[in-house]
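Chain residues, written in single-letter form:
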There are 2 protein chains.
Amino acid sequence: MRPVYIVGIGQTPVGEQWERSLRHIAHDAILPAMRDAGVERADALYVGNMLSGELVGQEHLGALIADFVGLRGIEAYKVEAACGSGGAALRTGFMAVAGGIHDVVIVAGVEKMTDTVGRDTTAALAMAADQEYEAAEGVSFVALNALLMRRYMYEYDIPHGAFGYFAMNAHQNGVSNPNAMFRQAITLEGYRRATMIADPINLMDSSPICDGAAAIVLASEPIAQALRNGLRPVRLAASAVATDSLAVHDRRDPTWLEAAWISSRKAYDQARIGPADVDLFELHDAFTIMAALSLEASGFAERGKGVRLAEEGEITIEGRIPIATMGGLKARGHPVGATGVYQAVEATLQLRGLAGANQVHDATIAMTQNIGGSGATILTHILVGE
Amino acid sequence: MRPVYIVGIGQTPVGEQWERSLRHIAHDAILPAMRDAGVERADALYVGNMLSGELVGQEHLGALIADFVGLRGIEAYKVEAACGSGGAALRTGFMAVAGGIHDVVIVAGVEKMTDTVGRDTTAALAMAADQEYEAAEGVSFVALNALLMRRYMYEYDIPHGAFGYFAMNAHQNGVSNPNAMFRQAITLEGYRRATMIADPINLMDSSPICDGAAAIVLASEPIAQALRNGLRPVRLAASAVATDSLAVHDRRDPTWLEAAWISSRKAYDQARIGPADVDLFELHDAFTIMAALSLEASGFAERGKGVRLAEEGEITIEGRIPIATMGGLKARGHPVGATGVYQAVEATLQLRGLAGANQVHDATIAMTQNIGGSGATILTHILVGE
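Now for a look at the structure at hand. Model, not experiment: these values are computed from the prediction.

**A look at the layout of surface pockets**
The probe, sized like a water molecule, is rolled over the atoms to show the empty space still left.
Point 1. Of the pockets and cavities examined, the largest pocket occupies roughly 460 Å³.
Point 2. If you go around the largest pocket, you meet 22 residues; those closest to its centre are B:Ser206, B:Ser207, B:Pro208, B:Ile209 and B:Phe287.
Point 3. Those elements giving two or more residues to the lining of the largest pocket turn out to be helix 5 (121-125) and helix 6 (141-156) of chain B.
Point 4. In terms of residue class, the lining of the largest pocket is built from 14 nonpolar, seven polar and one charged.
Point 5. Roughly 390 Å³ of volume is contained in the second largest pocket.
Point 6. A:Leu125, A:Ser206, A:Ser207, A:Ile209 and A:Phe287 are the residues nearest the centre of the second largest pocket, which is lined by 20 residues in total.

**Thoughts on the side chain of A:Glu134**
Point 1. Here A:Glu134 shows up in the loop between helix 5 (121-125) and helix 6 (141-156).
Point 2. This buried residue, A:Glu134, is left without a salt bridge; A:Arg251 holds the nearest opposite charge, at 6.5 Å.

**Here we look at the interface of chain A and chain B**
Point 1. Every contact between the two is made by 60 residues of chain A and, on the other side, 60 residues of chain B.
Point 2. Regarding the contact of chain A and chain B, the summed buried area is about 4600 Å², with carbon and sulfur atoms giving 51% of it.
Point 3. Across the contact surface, chain A and chain B share eight salt bridges.
Point 4. Across the salt bridge formed by B:Arg72 and A:Asp244, the nearest N and O atoms sit 3.9 Å from each other.
Point 5. Summed over the shared surface of chain A and chain B, the number is 32 residue pairs in polar contact (both at pLDDT 80 or more).
Point 6. Looking at the side of chain A that touches chain B, the elements that each hand over two or more residues are helix 2 (52-56), helix 3 (61-68), strand 3 (75-80), helix 4 (85-98) and strand 8 (234-243) of chain A.

**Remarks on the pairing of strand 7 (residues 212-220) of chain A**
Residues and elements named next belong to chain A.
Point 1. Most of strand 7 is tucked away, with nine of its nine residues classed as buried.
Point 2. Of the two faces of strand 7, the one carrying Gly212, Ala214, Ile216, Leu218 and Ser220 and the one carrying Ala213, Ala215, Val217 and Ala219 are both buried.
Point 3. Inspection of the sheet shows strand 1 (residues 4-11) paired to strand 7 by seven bridges, in the antiparallel sense. Note that in strand 7 the partner of Ile6 across the bridge is Leu218.
Point 4. Two strands pair when backbone bridges link them, and strand 4 (residues 104-111) and strand 7 are joined in this way by eight bridges, in the antiparallel orientation. Across the sheet, Ile106 pairs through a bridge with Val217, a residue of strand 7.

**With respect to helix 10 (residues 258-271) of chain B**
Residue pairs spaced three or four apart in an α-helix point in one direction, given the helix's 3.6 residues per turn.
Residue and element names in this part refer to chain B.
Point 1. Between its first and last C-alpha atoms helix 10 spans 20 Å; for 14 residues at 1.5 Å apiece the expected length is 20 Å, and the two agree.
Point 2. Buried residues of helix 10: Ala259, Ala260, Ser263, Ser264, Ala267, Tyr268 and Ala271, and no others. Mapping the buried residues of helix 10 onto a view down its axis gives an arc of 155°, with all of them on the same face.
Point 3. On its buried face, helix 10 sits against strand 8 (234-243), helix 11 (288-297), strand 10 (365-372) and strand 11 (377-385).
Point 4. Phi turns positive, to about 55°, at Arg272, one or two residues after helix 10.

**With respect to the relation of the copies chain A and chain B**
Point 1. Rotating chain A by 180° and moving it 0.0 Å along the rotation axis overlays it on chain B with an RMSD of 0.0 Å. These values place the two chain copies in the arrangement generated by a two-fold rotation axis. Scanning chain A for the C-alpha nearest the rotation axis identifies A:Gly99, at a separation of 1.7 Å.
Point 2. Taken as a fraction of all interface residues of chain A, those also at the interface in chain B reach 100%, which identifies the copy contact as same-surface.

**Digging into the packing of helix 6 of chain B against helix 11 of chain B**
Residues and elements named next belong to chain B.
Point 1. Closest axis-to-axis distance for the helix 6/helix 11 pair is 9 Å, and the angle between their directions is 60°. When the axis of helix 6 is compared with that of helix 11, the two are oblique. In the packing of helix 6 onto helix 11, the handedness of the crossing is left-handed. For the pair formed by helix 6 and helix 11, the contact residues are Asn145, Leu148, Met149 and Tyr152 on the first element and Thr288, Ile289, Met290, Ala292, Leu293 and Glu296 on the second.
Point 2. Of the residues that constitute the contact of helix 6 with helix 11, the class distribution is seven nonpolar, two polar and one charged.

**Digging into the packing of aromatic side chains**
Point 1. Counted by the stated rule, this structure contains 10 aromatic pairs over all chains.
Point 2. Consider the rings of B:Phe141 and B:Phe287, whose centres lie 6.5 Å apart with planes at 45°: the pair is tilted. In this pair, B:Phe141 sits in helix 6 while B:Phe287 sits in the loop between strand 9 (280-282) and helix 11, placing the two residues 146 residues apart along the sequence.
Point 3. According to the relative accessible area criterion, B:Phe141 is buried, its value standing at 11%.
Point 4. Given the relative accessible area of 8%, B:Phe287 is considered buried.
Point 5. Aromatic ring contacts, followed pair by pair, group A:Tyr152, A:Tyr156 and A:Phe163 into a single cluster.
Point 6. The positively charged end of A:Arg23 is found above the aromatic ring belonging to A:Phe68, 6.0 Å away from the centroid.

**Focus on the pattern of salt bridges**
Point 1. Within the structure shown, the criterion is met by 34 salt bridges over all chains.
Point 2. Between A:Arg2 and A:Asp103 there is a salt bridge, with its nearest N and O atoms 3.1 Å apart. Pair noted here: A:Arg2 is in the segment before strand 1 and A:Asp103 is in the loop between helix 4 and strand 4, with a separation of 101 residues, a long-range link.
Point 3. Here A:Asp103 falls in the partly exposed class, since its relative accessible area comes to 33%.
Point 4. Linked by salt bridges that have partners in common, A:Asp67, A:Arg72, B:Asp244 and B:Arg251 make up one network.

**Notes on helix 4 (residues 85-98) of chain B**
Point 1. Between its terminal C-alpha atoms helix 4 of chain B stretches 20 Å, which fits the 20 Å expected from 14 residues at 1.5 Å a residue.
Point 2. Following helix 4 of chain B by one or two positions, B:Gly100 adopts a phi angle in the positive range, close to 80°.

**Topic: the state of the cysteines**
What is meant by a disulfide is a covalent connection between two cysteines, made through their sulfur atoms.
Point 1. Under the definition given, this model contains zero disulfides over all chains.
Point 2. The cysteine A:Cys210 is free of any disulfide, with A:Cys83 supplying the nearest cysteine sulfur at 11 Å.

**Description of the side chain of B:Asp211**
All names here are of chain B.
Point 1. In this structure, Asp211 sits in the loop between strand 6 (201-202) and strand 7 (212-220).
Point 2. Of the polar contacts made by the side chain of Asp211, one reaches the side chain of Lys112; its length is 3.1 Å.
Point 3. A distance of 2.6 Å separates polar atoms of two side chains, one belonging to Asp211 and the other to Thr114.

Cut-offs applied
Residues numbered from 1 in each chain as written. Chains lettered and ligands numbered in written order. Predicted model: local features only at pLDDT ≥ 70, side-chain atom pairs only at ≥ 80, totals over all residues. Heavy atoms only, no water. 1 Å grid on protein atoms, 1.4 Å probe; cavity = no way out; pocket = protein on both sides within 12 Å on 5 of 7 lines; lining within 4 Å. Points joined across faces, edges and corners; volume = space filled by probe spheres on them. Helix = DSSP H or I, 4+ residues; strand = E, 2+ residues; numbered from the N terminus. Nonpolar A, V, L, I, M, F, W, Y, C, P; charged D, E, K, R; others polar. Buried < 20%, exposed > 50% of the residue type's maximum accessible area, 1.4 Å probe, protein only. Lys, Arg positive; Asp, Glu negative; His and termini not counted. Salt bridge = Lys/Arg side-chain N within 4 Å of Asp/Glu carboxyl O. Contact = heavy atoms within 4.5 Å. Buried area = accessible area lost by both parts, 1.4 Å probe. Polar contact = N/O pair within 3.5 Å; in protein donor to acceptor, adjacent residues only side chain to side chain. Pairing = 2+ DSSP bridges. Expected span 1.5 Å × (residues − 1). Arc of directions from axis to C-beta. Least-squares fit on C-alpha atoms with pLDDT ≥ 70 in both. Axes fitted to C-alpha atoms, helices over the stretch in contact; angles between N-to-C directions. Parallel < 35°, antiparallel > 145°, perpendicular 65-115°, else oblique. Left-handed = near helix turned anticlockwise from the far one by under 90°. Phe/Tyr/Trp six-rings, centres within 6.5 Å; stacked < 30°, edge-to-face > 60°. Lys NZ or Arg CZ within 6 Å of the ring centre and 35° of its normal. Disulfide = S-S within 2.5 Å.

Interpretation in functional terms is not warranted from these geometric data alone.
Structural data, given as structure tokens:
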């Protein structure tokens, strides 16, 4: 396998983009990424997206977006793994460059969840869960996570309020990110008083429904060297995917993300590092419970101790393992199929030293973890600043 | 890049499988493919599917199906390029093995188009076209192909009846394929009298709505050698994807499949062959007009002469370039996201010499071409019997 470099990044602000259609939003991330890389062509475009069929009435995004950004003719298709779609597109791009198939690949994640063709977004999101054994029983995606959170609170005797430190950290980091959907800090009291969504998950435990796109240009080493622009080179040093049952009740232990354990171990092996070497971790805090479970299954906390890491301030920019450094899914926003690419864009900003007020000091190794469903597909990537 | 071998194939009968849900249908193809290959594990599963969200209310097929076939934990995700989704999944599997990422990969295509959750299948299929500039105007997918066919008939002065040879060939070949949806031969008179769907496309120009799944196990050369089972080894010698605008009216020349031209040339270069070397061509005869356009853009006929190739009997099993040798999309059926994998399964049967009454004599080189939309994504693969 060949080394793979991230040579360009682009992103749109996350929010309700009523004036832009899906193809425009994708365009608004891809063109800046190409400009950032200094490329005018690419060999292929892989698009991460979950819901365009259901919410926009449009499939076939690969060719559509390739054409719309001026790349008609190139290889292009869509990759889907529910809310892990962006990470799966990144995985596909990694394989193409690492495997010597292509030299320059664009990976884009895009989701349009507002101003849709009239379908119900909550029902659409439930397609990430098992339709026959979960969704058909009436359980929504937030309800599934509420069951997980309730179980976790019971098993480890953790009060709901303790999860607030995840939300506070995310919102604090969102303040300085111009692309974040929510840019106001919240207090623990504000967290505790937030509207209940699906007990015990309240509004401040939950990431928002929104629109957004992010894009990355990947290149082989010789191309990356030719494109050097004075910024610190960032290598995509590891890429790993693992799965679990879609239905949470089919798992031996619902509060253990087995697929995170498998994919993070694979990624650590590929990058020849361990959790202690990671300077920042962009994890999938679609709900606060998922942040805790990710930290534990990826080796940053003992079982049942993920929340304590947050309480002790270890997840902040200055902490031992900064997470959601640009606001995370909670505050930057969670345009589902785009999230995995946003994570990698933000990690690249950190490694380039361009994260502004949110800069993690001396960041050299960043990990991203994108999750499809309630832990059924987990995609882990490791980025290294050289 | 490493050589890639097809070491196992599986398929379900194509038709209306009311008693099987999507996951069961996928299972019914994947398990036979794994048995055929003699493997009990795989490194990854890539699923080609277009419409599960819209018609079944289920996304996230990668993890769902990996778990259901007993492969919980492995890398898995879905790949989508409208009716070219199966070919795109095969492309992804090819990259993974050729690039040295994985040694054993399962590629599955699955579609469930009957007994759905109540959505309109014609509207769902129109998501392959441009939603904002085609579908929003009320044009269906068959109507788009009707416009193409009408233009072609006008430009080359070809009567509708001449297209009947494509339908007759497909139905004739379907008779001996136990997995074909339609197993009765038709006459030219029967073709001409078929019910009109969207003038000039009639029922016998059109592939059917149906359910089905096909699967392939790909392996690296050392693994393929270790698995040798007495059957002739089949190498996946080329894999290429190209795109065009989704909207037909955006193309300079709507009766020329530019993406077929690009992807077939790339595939010929990779396999170091030309069209004259191809012993059989599994093309994308979703409508008879697409068969003609594919033959022309892939170098088998001059422009405007694709239909004549059919009239002259050159597309039959005994002809110069046999197409739709197991019935094609017209008679075997077109479960859209599965079709690209069915094509490769059937080509493998031919190269193994196991195509029964439909065997192409001395077949050594087979080409498959899977199309998403009205020519917007075209995936060409070349298989070589060793």
